[in-house]
Every structure is written in C-alpha cells, then in structure tokens.
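Residues per chain are reported as follows:
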Amino acid sequence: MEKYNGLFYSKCSVSDVSDKLETDLNSGLTQEEVIKRQNIYGLNELSVRQRTSKITILTRQLKSIIVVLLLIAAGISFSIGHIVEGFTVIAVLVVNTALGYFTELKAVRSMEALKKIGVTKCGVIRQGQIFHLNTKELVPGDIVIFEAGDILGADLRIAQANNINVNESILTGESAPVDKISEALEEDTILAERSNILFKGTSMTRGSGKGIVIATGMDTEVGVIAKEVQIGAASRDETTPLEERLNKLAGQIVWFSLAIAALIAVSGIMAGKAPMLMLETAIALAIATIPEGLPIVATLALAKGMWRMADNNALINKLAAVETLGATSIIFTDKTGTLTENKMKVQLFKSLNSIFHMNNIEAKEEGELRRLLEIGILCNNSELSQEKKSHNIGDPMEIALLSIGEEFGLVRAKLLEQKPEVKEVPFDSSTLMMATYHMLKEKNEETILVAVKGAPEAIISHSTYIRNRTEDNVFNEELKREWIKENHALASDGLRILALAEKKVKRVDDEPFSNLTFLGLVALLDPPRSDVKEAIIKSNEAGIKTIMVTGDQEGTALKIAKDIGLIESDNCYAINGKNLGPKQDWSEELIEKIDKTQVFSRVSPVQKLELIKHFQSKNAVVAMTGDGVNDAPALKNADIGVAMGLRGTQIAKEAADMVLQDDRFNTIILAIKQGRIIYSNIQRFVVYLLSCNISEILIVSIASLMNMPLPLLPLQILFLNLVTDVFPALALGMGEGGPSYLKSSPRPRDEQIITKRKWALISLYGIILTSCVISGFLYTLKTTSDDQEALTVSFLSLAFGQVFHVFNMRLENSNIFVNEITKNIHIWGAICLCTLLLVATIYIPGLRSILSLRLIELESWKIVAYASLSPLIIIQVLTKLKLGIRI
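Student: In this structure, what is going on with the side chain of Arg206? I would like to understand it.
Tutor: Checked against the element boundaries, Arg206 lands in strand β7 (residues 203–215). Of note is the side chain of Arg206, whose polar atom sits 3.0 Å from the side chain of Asp179. If near-sequence neighbours (up to four positions away) are discounted, Arg206 is found in contact with Ala148, Asn163, Ile164, Asn165, Asp179, Asp395 and Phe427.

Student: Quick question: what am I supposed to make of the packing of aromatic side chains here?
Tutor: For any pair of aromatic rings, the description consists of the separation of the ring centres together with the inter-plane angle of the planes. Considering all chains together, one arrives at eight aromatic pairs under this definition. Each ring, one from Phe8 and one from Tyr9, has its centre 5.6 Å from the other, and the planes form 75 degrees; the classification is edge-to-face. One residue, Lys423, lies across the ring of Tyr437, its end atom 4.9 Å from the ring centre. For the cation-ring pair, Arg747 lies above Tyr679, with the distance from its terminal atom to the ring centre recorded as 3.4 Å.

Student: Looking at this structure, I do not really get the side chain of Gln683. What am I missing?
Tutor: On the secondary structure map, Gln683 appears in helix α25 (residues 665–705). Owing to a relative accessible area of 12%, Gln683 belongs among the buried residues under this scheme. Ignoring anything within four residues of it in the chain, the contact list for Gln683 reads Glu751, Gln752, Ile753 and Lys758.

Student: Sorry if this is basic, but what is going on with the confidence of the model for the protein here?
Tutor: As a general rule, the predicted coordinates of low-pLDDT regions are not to be interpreted in detail. For the protein, per-residue confidence averages 85 on the pLDDT scale, and residues scoring 70 or more make up 90% of the total. In the predicted structure, residues 114–118 sits below a pLDDT of 50 and forms 10 contacts with residues beyond four places in sequence or in another chain.

Student: So what exactly am I meant to see when it comes to the pattern of salt bridges here?
Tutor: Pairing between side chains of opposite charge can happen when the charged atoms of each approach one another. Across all of its chains, the model carries 31 salt bridges by this definition. Taking the shortest distance from any N to any O, the salt bridge between Glu502 and Arg467 comes out at 2.7 Å. Of this pair, Glu502 sits in strand β17 (residues 496–505) while Arg467 sits in strand β15 (residues 463–468), placing them 35 residues apart in sequence. Under the relative-accessibility criterion, Glu502 is labelled buried at 6%. Its relative accessible area of 16% is what places Arg467 among the buried residues.

Student: Teacher, can you tell me more about helix α32 (residues 858–880) here?
Tutor: Side chains of residues three or four places apart in an α-helix project in the same direction, reflecting 3.6 residues per turn. Look at α32: 32 Å from first C-alpha to last across 23 residues, which is about the 33 Å you get at 1.5 Å a residue. Those residues of α32 lying buried are Ser860, Ile863, Val864, Ala867, Ser868, Ser870, Pro871, Leu872, Ile875, Gln876 and Thr879. Elements that come into contact with the buried residues of α32 comprise α28 (756–784) and α29 (787–804).

Student: Which parts of the structure should I look at to understand the pairing of strand β10 (residues 345–350)?
Tutor: Side-chain positions along a regular strand alternate between the two faces of the sheet. Strand direction decides the pairing type here: β10 and strand β18 (residues 516–525), joined by five bridges, are antiparallel. Bridge assignment links Phe349 to a residue of β18, and that residue is Val522. One ladder, built from three bridges, connects β10 with strand β11 (residues 355–357); its direction is antiparallel. In the strand pairing of β11, Lys350 is matched with Ile355. A loop of four residues connects β10 with β11, the two strands running antiparallel in sequence.

Student: What is the right way to look at the sheet that holds strand β19 (residues 545–549) in this model?
Tutor: Through backbone hydrogen bonds, the strands of a sheet pair up, either in parallel or in antiparallel fashion. The eight strands lie next to each other as β8-β24-β23-β22-β9-β19-β21-β20, forming an open sheet whose pairing is mixed. At either end of the open sheet lies a strand with only one pairing partner, and these are β8 (314–316) and β20 (575–576). Across four bridges, the pairing between strand β9 (residues 330–333) and strand β22 (residues 622–626) is parallel. Counted as the bridge partner of Phe332 is Met624 from β22. Relative to strand β21 (residues 599–601), helix α19 (residues 554–563) is tilted by about 155 degrees, and along the sheet it contacts β19, β20 and β21.

Student: Help me understand the packing of α29 against α32, please; the structure alone is not making it clear to me.
Tutor: Describing two packed helices takes the angle between their axes plus the distance from one axis to the other. Two elements in contact, α29 and α32, have axes whose closest approach is 8 Å; the angle formed by their N-to-C orientations is 35 degrees. At the point where α29 passes α32, the crossing takes the right-handed sense. The segment α29 lies against α32, with Glu789, Val793, Leu796, Ser797, Phe800, Gly801 and Phe804 engaging Ser860, Trp861, Ile863, Val864, Ala867, Ser868, Leu869 and Leu872. A breakdown of the residues in the contact of α29 with α32 according to their chemical character gives 10 nonpolar, four polar and one charged.

Student: What is the right way to look at α28 in this model?
Tutor: If you check α28, its first and last C-alpha atoms are 42 Å apart, about what 29 residues at 1.5 Å a residue would give, namely 42 Å. Directly beyond the C-terminal end of α28, a positive phi value near 55 degrees is found at Ser785.

Definitions and limits used
Residues numbered from 1 in each chain as written. Predicted model: local features only at pLDDT ≥ 70, side-chain atom pairs only at ≥ 80, totals over all residues. Heavy atoms only, no water. Helix = DSSP H or I, 4+ residues; strand = E, 2+ residues; numbered from the N terminus. Polar contact = N/O pair within 3.5 Å; in protein donor to acceptor, adjacent residues only side chain to side chain. Contact = heavy atoms within 4.5 Å. Phe/Tyr/Trp six-rings, centres within 6.5 Å; stacked < 30°, edge-to-face > 60°. Lys NZ or Arg CZ within 6 Å of the ring centre and 35° of its normal. Buried < 20%, exposed > 50% of the residue type's maximum accessible area, 1.4 Å probe, protein only. pLDDT = per-residue confidence, 0-100. Salt bridge = Lys/Arg side-chain N within 4 Å of Asp/Glu carboxyl O. Expected span 1.5 Å × (residues − 1). Pairing = 2+ DSSP bridges. Axes fitted to C-alpha atoms, helices over the stretch in contact; angles between N-to-C directions. Left-handed = near helix turned anticlockwise from the far one by under 90°. Nonpolar A, V, L, I, M, F, W, Y, C, P; charged D, E, K, R; others polar.

The following block contains the structure:
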C-alpha cells in the first residue's frame, strides 16, 4: 500500500480513497489487517523529546572556562602542598554546581510535567462493528465516526458529512470554525482550505460524520510540524546570549590571569627571588584574578529571577534563558489565544432603529434587543457548560449568543419551556441558514414560531418584511441594498456577521425560509484580552516592537491590532502571506515594507520562520509567543519561545523556552522587565567583583615588583573572594529594580557584559582601592616595623574597603542616600554578615592562625578605618563632580 499526502487525498473521490487505503467504508479493517498496519506505521502518537537526563543538566553546569581554570588552580595547590587552598576552591565548585543543578532540574521537570500527552478516544468501525478505542490505536485505513465535541485523533478524509463545522485554530491560526464537505476538490489547495480533510488535534464544533484515516502519528500535518521542530532543535545552537558573554568574559579573565602570573613569576625569578616563592606568588595572583564567586552569584541571580517569574506564572525551561528575555527587542505574537481570548463574543446587535453595543451591557430592556436575543438563543443547538466555560459544546458563534443571552437573564432551557422546540432545520452550506420551530400559545390558538439565523445575504434575500419596533414593514430592494452595504462595512472591520429573522406558520411542515421578517444583524468577534492594550503600551515604552503574525484573515487581524493599540488608524495595513512569498523572492521594496509592518495575516508556519530569521539577521533578539501547533517551529527558532500554558498544545510547549501558566500577554512584559533587572544586576556584581579582584592583583603585583613583603597571602585572597566579595555581590544580584527598567530601549544583541567604559571604571575603582590599602600597609610597616601587623592591617583594609565599595554600585543620577543599593535589604544583611566574619578572623584564634593574622591595637584599627572608608568617599566625591564614573 503506497503512502500519499493529504493534498493528494483531497482531490480523490471517497471511493478512490477507500481503494487506495484498501478499506471498506461500511465494515472497516479486519483485526489482522490492523495488527499488520500497526507493525508498519507504529502507534498513532507523536514522538516526544526525550526526558532531559540528570547527567545532561549536571554537565551544563560545568561548561565554563572559569570552572576549568579553578580546577587547574586547585590541582596546582594540591601539588605544592597547599591543601587548604585546594579544598577551598573545590568547595566553591561544588556549591556552584549544586545550586545550578538543582534549580535547573526543578525547572526542567516542571516543564516536562506540562508536556504530558492527554488520552483521547473515538468511535472506529472494524470488522463491521463499532468500537470506542484510544486514538493511539488508529491506523491508516480505519473508518472513524465523529460528532460535535470530539477532538480528532488522526488526519481523516471525510466520507460522510452531516453539517460539519470544525475549529482548526491550533493548526491554521484562524479563530472562526470552518465548514467541511465530503466531495473531492478539483484544485491544489493550501492546508487551511482543504475543506474535505480533518486534521489531528482539531475539534468538532458542529455536526457528525464518518471519515477514513489517511495519516497517523508523525505522518499527520501536526506530526510534520513536530518533526520540523525536532530537526530545528537538533541543529540549533542552544547557547544563550548571556552564556556567550560570560564565556567570552571568562576567556578574557583566563588570559589576563595567565599573563599576569607569568609576568610576575618571570620578573621575580630574574630579580633573584626564590622560584618556589614566585610560584606561590603566581598562584596567589591567579587566585586573585579569578572571580571565584562569579559562577555562584550568576547562578543565584538567575535562579532568583526564575523563581520571581514562576511567582508571576512564567515557567522558565533553562536558567540562562531568564536573562535573554531582557534583551528582547521584537515580540512576534500569534493573534488567536494570545492577543485574543480564543472565544467568540457578541459585539453588537443592529436593528432597523437601533444599534446595541454589548460593551455597554447595562443596555435597557429594549423590546427590539430582547427579540434579537431570543431568536439567537432559540435558533441554536449548542450547549453551555455549567461548570467550566472550556467545556462548552458547539459552534463558538452559537455559544456567544447563548452567553450574551444569559448575561441578560435569558436562559435557553427556560425559553424552551415557554416555547418548546418541535423541529430543527440544520445549517446547510447550500442555503447558509438554520431554522428551529417553536410551539406558541396565542389567544388560545397554537401557532409555530420559526426562528432563523444565517448568512446576512441569504436571510436578506429571503426576507419579505423588516421589523420596525412593534410592526412589520415591507422590506424593499433599496432597503435590502442598504443592509447588504452595512453588512460589508461591519465585515470589513474584521467582525463575523450573522442575520436574524423570524416568521409564524400553522404547520411544522411549512417551508422555513420563505417570506421571513428580517430582525437585524449580530456582529461577533474573538475579542482582545483585557490586559493586552496596557501590555502593548508598556512594550512600546520599553522600545520593544510587537508584531502580529497570524493565519487569520487580514480584516480580523487589523481590527484586533487597532483595538489593542498595536497600529494607529492612519497606519492600518497588513502584509498577506500570499503576497509575502518565499524569502528568496523578497525584493528590496518588500523587505523595506516588512521592516515597517506590524501585522502579517494568512501567514504559514514556514513564513513565520522566515520572518523571525529575517529580523534576527538584523541583530534583533526575537521572542515568539503562540499556543497552536502552527506556532511550534517559530517558537523553537526564536531566541525565546513563549507558549501558552492553559490553551497551548503539547507541541507548542515542547518547543518553548518559557510557558505562561496564565496565558496573559502582560506576563511576557513582566518577564522582560525581570530579564532586564537581572542583566543590570549581573553587570553590577561583575563590575563589583572584578574591581575587587583588580585591587588584589595590583596590591600583590606592586609588592612583588617593589620587593616588599606580600600585603596579601593566597589563602587570604581566597577568603576575600569567597566572603567579602560574594555576599555583597550576591546581594547586588538580588536587587528588585524599579519601573525605570521598562522606560528604556533594549540593549544591543552584541553588547558585552563589560563594555570598554565599564573596564575603565573597573580599573579606576581597583586603582583607588589599591592606593588606599597600600598606603595603609606602608604606614603600618613604617610605624611598627611588624610585617604581620602590616599584613593584618592591609587584609582588613581591603576586606572592609570591598564591603563598603558595594555602595559605589548605584546607578548614575541616583540619589546618594536613597537608591537601589540603600533600599536593598539584602545589601545591609551582607554588610552585617561580612563585618561579623571579618571580626571573627581576628578574634577567633583558629581562624586567625589559618589566615596568618594577628590581634591589632586601636591605632591599627584607625588605619583600617581610614584605608577602607577612603575609597568610598573618593569615588562618591568624584561622582558628585559628575566626572562620569558611575555605572
């Protein structure tokens, strides 16, 4: 049996499809044939990305040049007998790795829990009998029976169609359900226009029928997209911009460390100093150069951001992805279910004399409005769930009519008690109308009310009268043309339009659609989510461009774009996917238009990918939001893929870096703000750590070159790097930021964590710290002639100087006393903790001995106070003079 695609089967007759798949429409496949085909095609399920192993997560934590250098430093320390230093470095690596591992493990497992595949069942004809089976047991050639409310488990060629209407939004992006037929199509069609094919994962909103399974598992249209996502995942470089920057910074630090260590060692040996002493000095310099606390602080800062985002319903898959959000310059967003509620709502009713806008629903109990509502409720075969709105069954437009009726106190069940339904004429694609017959008692006589709804052109053409408040007027041709024109005007605004009409008859057999009384029009729309407009304003203020890419119609897309403030009324144009074409055919003129356009309609999944890659080639950091299967390839290839947690499909969640558990577009903006805060915090603590390390390097280097006693020993440097550096740096990483982070443009994609200006600041800060500490060291040496006393003074001076240096990390133009640093409670906690630990190094004998320190007198403490506070005062004075030395 040969394998063909959906396009081929759409052009075949039902009998030809049956012959190709060697099946019988009435009896289905035999059990033997089913087993045979399951062996060939496998189970009808999508292959899911393998569970991320613990080893993989652990390995990610060790992929850092700094980690490698620390391991080398530990190895050298052990080899020359510096056991304490060696174990201290190892302890740093263990703590950092454990923090990153457990944080990321929790995030990955949470994401995997969201991606579990649900179980669905369907009716299948096999060996002449109907079985209710798990859809994963389906094979090509199976005969499936379906009805309203079913989720389709495979791709089907429709064999029998009874008023079928299907919601295909997860695949095509179009919010309105589409009608389906069983007849063969004559021409090649795009996926969204294959009206005789049902697709896996889509849902029946109306009707019933029978279909032949033409594809299962990864051969379905959904499976093809899933395959593209997996291929893209395999070929994509998973390294985030932050990881790239940290790796580059680590590389620079490594080479700087090796160069300084080698220079000092060679200089000392050439000057006649003992080789072992110079080796120890070189190790001290290497340890001073490496910011041992950087991996820990970076991991905890990112983890804190991840936890904050989780509290705001944004679940992150990977630690470093948190920061990438902060660099986002373009948000590509799907329309249906992301910007809109993914459910139809009535916007207005229009009668001959009035327009009733539903956003002003305290609308009076107008007789005309009540009549329109009643006809919309009676001519209806959908059902509202009393428990969950997501369990409503039927056509979304009919559900919208029932919902608006209930808001006015009109419940269908109660109306039917007063006006029992005795007959229904289902919607038919040939008449484009539906009718229900209801028994009435008027003046002791029984009459029948015929409630009719359908396409405006059809109902207007079948209407003889038009309701004018309480009486009926003749519906002449001129008036009909005006109503047709009104219908087109509403439709051009992206609204879905139905017409409502009625008539009274004597018998149930009387024809339903002749001599109708036209009541008016009802306009419906899948409305924008309530918080989207505010989120768009925030994204504009943050310099982020929001672009709508949807499979829906242009008019609907533009209507939503205007309502949410995405485009202005004088800039209301969209690019249609048909006019976009493949990327290789884009002209310079089209590219210029693409760069300015914010709405793309009727866009295919491939075109979404091409648009994302186009903007990425222009150095943009692109976030892509979506919930449907059709969004998955774009989600995977964007810099940050954002899936909807409530309505998102399994494939969309599989492809995403972040899942919004509340489906709110505004949550993306909050996540971007957190990303920016985290990046700013990272920049601050990197500047802080490196300026502290530079001061240590300069102090040891100057002492070595000038043949002075060492003001710092290797173990003391390690203590500083892991205590007085880490805790203030960690506190900087916990900063919560403020509203100003959404008031500036995103940083460039290729901006380094440490720019040239920041390197200059790091050097200046380091020189100021070094000068004050060296002066205190030399003064103590001169006045006491005690090397250990001077060593203790220089150690404490630098330690406290680094602790106070955290106050120099405030933002430019911020108040000297009230700013992000002084308002950060973690900073004050870090200062108190560091002070206690430093005092402990002097007054706890065992610790004092390990660090080669001694007790000092009050006079030496005064020198410590001078040398440690001077850098803070000098830098604050220079800042006040506006010399541009603020971060």
